[in-house]
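Residues per chain are reported as follows:
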Amino acid sequence: MSVPEHIAIIMDGNGRWAKKRGLPRNAGHTAGAKNVEDICVAAKKLGVKYLTLYALSTENWSRPEAEVRALMRLLSGYLDKAIKTAHENRMHIRVIGDITRLEPKFQRQIIEAERVSSVYDELNLTIAINYGSRDELVRAVRRVGADIKAGTLAPEAVSEELFAGYLDTRELPDPDLLIRTSGEQRLSNYLLWQLAYSEFYFAQVPWPDFDEAQLVRAIDAYENRDRRYGGIREE
Ligand code: IPE
Ligand code: IPE
Ligand code: MG
């Protein structure tokens, strides 16, 4: 098989990375944010077209307020830089998740990053912020319901394809490969609909240590898989 067109990553283990070094958790998040830039460059170099990163889940609000605030600051700092480098990186930035719960200034920054980078498509970087798959599905169902109520959509017209068009990921193909770092083997409410036929790869290293060599290893493992989509192997 060839290089996966779309890789989704659950960037886990920042806290454990920091703890092992006797540092505060936020130092792990800083190292993790820095790693996003490196992995974007590596992914583009390896021929990946879509990279979708889980940065903050709808459940992460239950963390201490200071940690959530630090995560927002890091994400906002990352976007600031990304807006400036969008041209040289030729990277289209998108954000999925319910951004209406974020600070208005942060929301404006997200919209601006999406706008200035929308002319590029060498790498499509999507960042999931205040994202939860169940929340995304519920928001999609509400919009479908509103269209039916308004008379612009007939219930019989709702197909898998049409419904996918109501999801936050409507502009993205489904991921070919899901990577989760730091040894955990669960989805934590990430892309439940979109990962229906994706291959899964679990890396033992925490996110700040997940480097280009690790990414190559994940892609190698993917290339040796036998994807079937419910059919049988074609010899
Ligand atoms: C991932 O690292 C970053 C976020 C979830 C925001 P964690 O903060 O979950 O790190 P661990 O899992 O506690 O090590
Ligand atoms: C998933 O990681 C969310 C992100 C990576 C943003 P968590 O660390 O929050 O997931 P759980 O709580 O271990 O399942
Ligand atoms: Mg974690």
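The model shown is predicted, which means the values in this text are computed figures rather than measured ones.

As a further point, take the site of ligand 1. As a matter of local geometry, ligand 1 sits amid Met11, Asp12, Gly13, Asn14, Gly15, Arg16, Arg25, His29, Ala55, Asn60, Arg63 and Leu71. Separating an oxygen atom of ligand 1 from a side-chain N or O atom of arginine 25 is a distance of 2.8 Å. Residue arginine 63 places a side-chain N or O atom 2.7 Å away from an oxygen atom belonging to ligand 1. For ligand 1, whose accessible area on its own is 380 Å², the fraction buried by protein is 86%. Those elements that provide at least two residues to the shell around ligand 1 are helix 1 (14–20) and helix 2 (25–46). Here the residues of the shell around ligand 1 sort into three nonpolar, five polar and four charged.

This paragraph deals with the sheet that holds strand 2 (residues 50–54). With respect to topology, six strands assemble into an open sheet ordered 3-4-2-1-5-6, the strand pairing being parallel. Looking along the sheet, the strands with just one partner apiece sit at the ends: strand 3 (91–96) and strand 6 (199–202). Here the strands of the sheet are splayed against their neighbours by 20° on average, with no regard to which way each runs. Both strand 2 and strand 4 (residues 123–128) contribute to a ladder of five bridges, which runs parallel. Paired with leucine 51 across the bridge in strand 4 is leucine 125.

So, how was this worked out
- Residues numbered from 1 in each chain as written.
- Chains lettered and ligands numbered in written order.
- Predicted model: local features only at pLDDT ≥ 70, side-chain atom pairs only at ≥ 80, totals over all residues.
- Heavy atoms only, no water.
- Near = heavy atom within 4 Å.
- Polar contact = N/O pair within 3.5 Å; in protein donor to acceptor, adjacent residues only side chain to side chain.
- Areas by Shrake-Rupley, 256 points an atom, 1.4 Å probe, with all protein chains shown as cover.
- Helix = DSSP H or I, 4+ residues; strand = E, 2+ residues; numbered from the N terminus.
- Nonpolar A, V, L, I, M, F, W, Y, C, P; charged D, E, K, R; others polar.
- Pairing = 2+ DSSP bridges.
- Axes fitted to C-alpha atoms, helices over the stretch in contact; angles between N-to-C directions.

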